[in-house]
Amino acid sequence: MKVTVVGAGNVGATCADVLAYRQLADEVVLLDIKEGLSEGKGLDMLQTATLLGFGTKITASTNDYSKTAGSDVVLITSGIPRKPGMTREELIGINAGIVKSVTENLIRYSPNAIVIVISNPMDTMTYLALKSSGLPKNRIIGMGGILDSARFKTYLSLALNASQHDIEGVVIGGHGDTTMIPLTRLATYKGVPVSQFLSAEQLKQVAADTMVGGATLTKLIGTSAWYAPGAAGALLVESIVRDQKRVFPCCVVLDGEYGQKDICLGVPVVIGRNGWEKIIDFQLNAEEQELFNKSAEAVRSMNSVLST
Ligand code: NAI
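Below: a short report on this structure. (Residues numbered from 1 in each chain as written. Predicted model: local features only at pLDDT ≥ 70, side-chain atom pairs only at ≥ 80, totals over all residues. Heavy atoms only, no water.)

## Notes on the overall build of the protein chain
Just so we agree on the cut-off: A run of H or I in DSSP becomes a helix once it reaches four residues, and a run of E becomes a strand once it reaches two; helices and strands are each numbered from the N terminus. Throughout, radius of gyration means the C-alpha value; the globule benchmark is 2.2 Å times the number of residues raised to the power 0.38. Each residue is assigned to one of three classes by its accessible area relative to the maximum for its type, calculated with a 1.4 Å probe on protein chains only: buried under 20%, partly exposed between the two thresholds, exposed over 50%. By definition, residues are in contact when any of their heavy atoms lie within 4.5 Å.
Assigned secondary structure in the protein chain consists of 10 helices and 14 strands. Against the compact-globule benchmark of 19 Å for 308 residues, the protein chain has a radius of gyration of 19 Å, which places it among compact chains. When the backbone C-alpha atoms are referred to their principal axes, the protein chain occupies close to 55 × 50 × 40 Å. Looking at the protein chain as a whole, 52% of its 308 residues qualify as buried. Sequence-distant contacts, at least 24 apart, represent 70% of the contacts inside the protein chain between residues at least 6 apart.

Now the structure itself:
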């Protein structure tokens, strides 16, 4: 398996590192527009091979897409991240141009690849990649819900003072501070609804913390996070290359599912060798469906900027 990561910045390099270390591909290609950046980080990563014990081939390049030829999976992390006080939506002006040209270049050399979009605003960038590539819908996946769910589970574990491994929790909807929907009703601790252990007030706080989870980190670090985003991208790749058929909340195009059409939004999907293979219906209650509709409305208005 060959996996390409475009963007050797914080998220891209972290993701490539996890892919290589966990040997999720035979070859990982790291590419960036900034002269020397991917080569430097790629070489640094390669020098961890004997220390950490992996044999993944790492190829690095400054914008030479021929090196990416024949990739099975490609991840797009190129673009600017947000700074403290910025929303993900404010990145659209610059990132739309980058994501469009990067997608075109990738597809030219890897026409059969599954494309994972990470650049923000991710829901709109996924829609852009889908429309501009003309690829079958199952091969375009936006990564955001896996990360938001990891943050949700982290905040639940802190509130419960329990191990994250005993907690299930899913975030659907958009990947924006106000558009994501942590499904507290369906979250469980050791298989039991978390509402049995936490008060409504505590659950509300967990959901609120989750929604600004990225902004909290941006404020602390000065730029957006990378460890969890990189690991989340790699987890998605793992389910694809190993055909694990795991269910993850991912941003995919909807055609009537969850009451929405012609929009890319986070819903639970089965991820396997063919990309996203099936949308799972979580049977939202009326309140959750209303939040989902509002989320769709916000993302749709964002998408409309693309064509103007
Ligand atoms: P970064 O600034 O560390 O890295 C971005 C890299 O993209 C830079 O090295 C830059 O040289 C490169 N780049 C820019 N234009 C390019 C082009 N045309 N071709 C190739 N490379 C190009 O930023 P970071 O922190 O890695 O974030 C990357 C993106 O991922 C941002 O848009 C950020 O908002 C987004 N993000 C998304 C998450 C998600 O869950 N979907 C989570 C975290 C970040």
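## So, the packing of helix α4 (residues 92-109) against helix α5 (residues 122-133)
Basically, it comes down to this: Every axis corresponds to a line fitted to the C-alpha atoms, with the helix fit spanning only the stretch in contact, and the corresponding angles, defined between N-to-C directions, vary from 0 to 180 degrees. Roughly parallel refers to an angle under 35 degrees, roughly antiparallel to one over 145, roughly perpendicular to one between 65 and 115, and oblique to any angle outside these ranges. Helix crossings are classified by the rotation of the near helix relative to the far one: an anticlockwise turn of less than a right angle makes the crossing left-handed, while a clockwise turn makes it right-handed. Gly falls in the polar group here, along with every residue not listed as nonpolar (Ala, Val, Leu, Ile, Met, Phe, Trp, Tyr, Cys, Pro) or charged (Asp, Glu, Lys, Arg).
Running from N to C, α4 and α5 point in directions that differ by 40°, and their axes come no closer than 9 Å. Compared by their axis directions, α4 and α5 come out oblique. Between α4 and α5 lies a crossing whose hand is right-handed. Contacts between α4 and α5 involve I92, N95, A96, V99, K100, T103 and I107 on the former and, on the latter, T124, M125, L128, A129, S132 and S133. Grouping the constituent residues of the contact of α4 with α5 by class yields seven nonpolar, five polar and one charged.

## Focus: the packing of aromatic side chains
Condition: Any pair of Phe, Tyr and Trp rings, taking the six-membered ring for Trp, is counted once the centres come within 6.5 Å. Such a pair is stacked with planes under 30 degrees apart, edge-to-face with planes over 60 apart, and tilted for the rest.
Under the definition given, this model contains four aromatic pairs. Relative to F54, the ring of Y21 lies with its centre 6.5 Å away and its plane at 65°, an arrangement referred to as edge-to-face. Taken together, the residues span a long stretch of sequence, with Y21 in helix α1 (residues 10-21) and F54 in the loop between α3 (49-52) and β3 (57-62) at a distance of 33 residues. Residue class for Y21 comes out partly exposed when judged on its relative accessible area of 44%. Between W226 and Y227, the aromatic rings sit 5.8 Å apart at their centres with planes inclined by 50°, giving tilted as the arrangement. The exposure class of W226 is partly exposed, given its relative accessible area of 21%. Overall, Y227 belongs to the exposed group, its relative accessible area being 64%.

## Description of the packing of α1 against helix α9 (residues 227-241)
The interhelical angle for the contact between α1 and α9, taken along N-to-C directions, is 50°, at an axis separation of 8 Å. One way to sum up the angle between α1 and α9 is to call them oblique. In terms of crossing hand, the pair formed by α1 and α9 is right-handed. Where α1 approaches α9, its residues V11, T14, C15, V18 and L19 are matched on the opposing element by Y227, P229, G230, A231, G233, A234 and V237. Each residue belonging to the contact of α1 with α9 can be placed in one class, and the counts come to nine nonpolar, three polar and no charged.

## Section: the sheet that holds strand β7 (residues 167-168)
Strand pairs in the sheet, formed through backbone hydrogen bonds, run parallel or antiparallel to each other. For clarity, the cut-off: Strands pair, by our definition, only if DSSP identifies at least two bridges between them.
Spatial ordering of the open sheet is given by β7-β10-β11, a layout of three strands whose pairing is antiparallel. Each having just a single partner strand, β7 and β11 (192-193) make up the two edges of the open sheet. Pairing analysis gives two bridges linking strand β10 (residues 188-189) to β11, with the strands arranged antiparallel. Across the sheet, the residue bridging to T188 is P193, located in β11.

## Quick word on the side chain of R151
Here is the rule: As used throughout, the charge tally considers Lys and Arg to be positive and Asp and Glu to be negative, leaving His and the chain termini uncounted. When a carboxyl oxygen of Asp or Glu lies within 4 Å of a side-chain nitrogen of Lys or Arg, that pair is called a salt bridge.
Relative to the assigned elements, R151 resides in helix α6 (residues 145-160). In this structure, R151 is buried with no salt-bridge partner, the nearest side chain bearing the opposite charge being D148 at 4.2 Å.

## Structural notes on the pairing of strand β4 (residues 73-76)
To be explicit about the condition: By convention, a crossover is right-handed whenever its connection, traced from the first strand over the helix to the second and viewed with the strands pointing away, goes clockwise.
Both faces of β4 are covered, namely the face carrying V73 and L75 and the face carrying V74 and I76. Direction of pairing for strand β1 (residues 2-6) relative to β4: parallel, over a ladder of four bridges. Directly across from V5, in β4, lies its bridge partner L75. Strand direction decides the pairing type here: β4 and strand β5 (residues 114-117), joined by four bridges, are parallel. Residue pairing in the sheet places L75 in a bridge with I116 of β5. Taken together, β4, α4 and β5 form a β-α-β motif whose crossover is right-handed.

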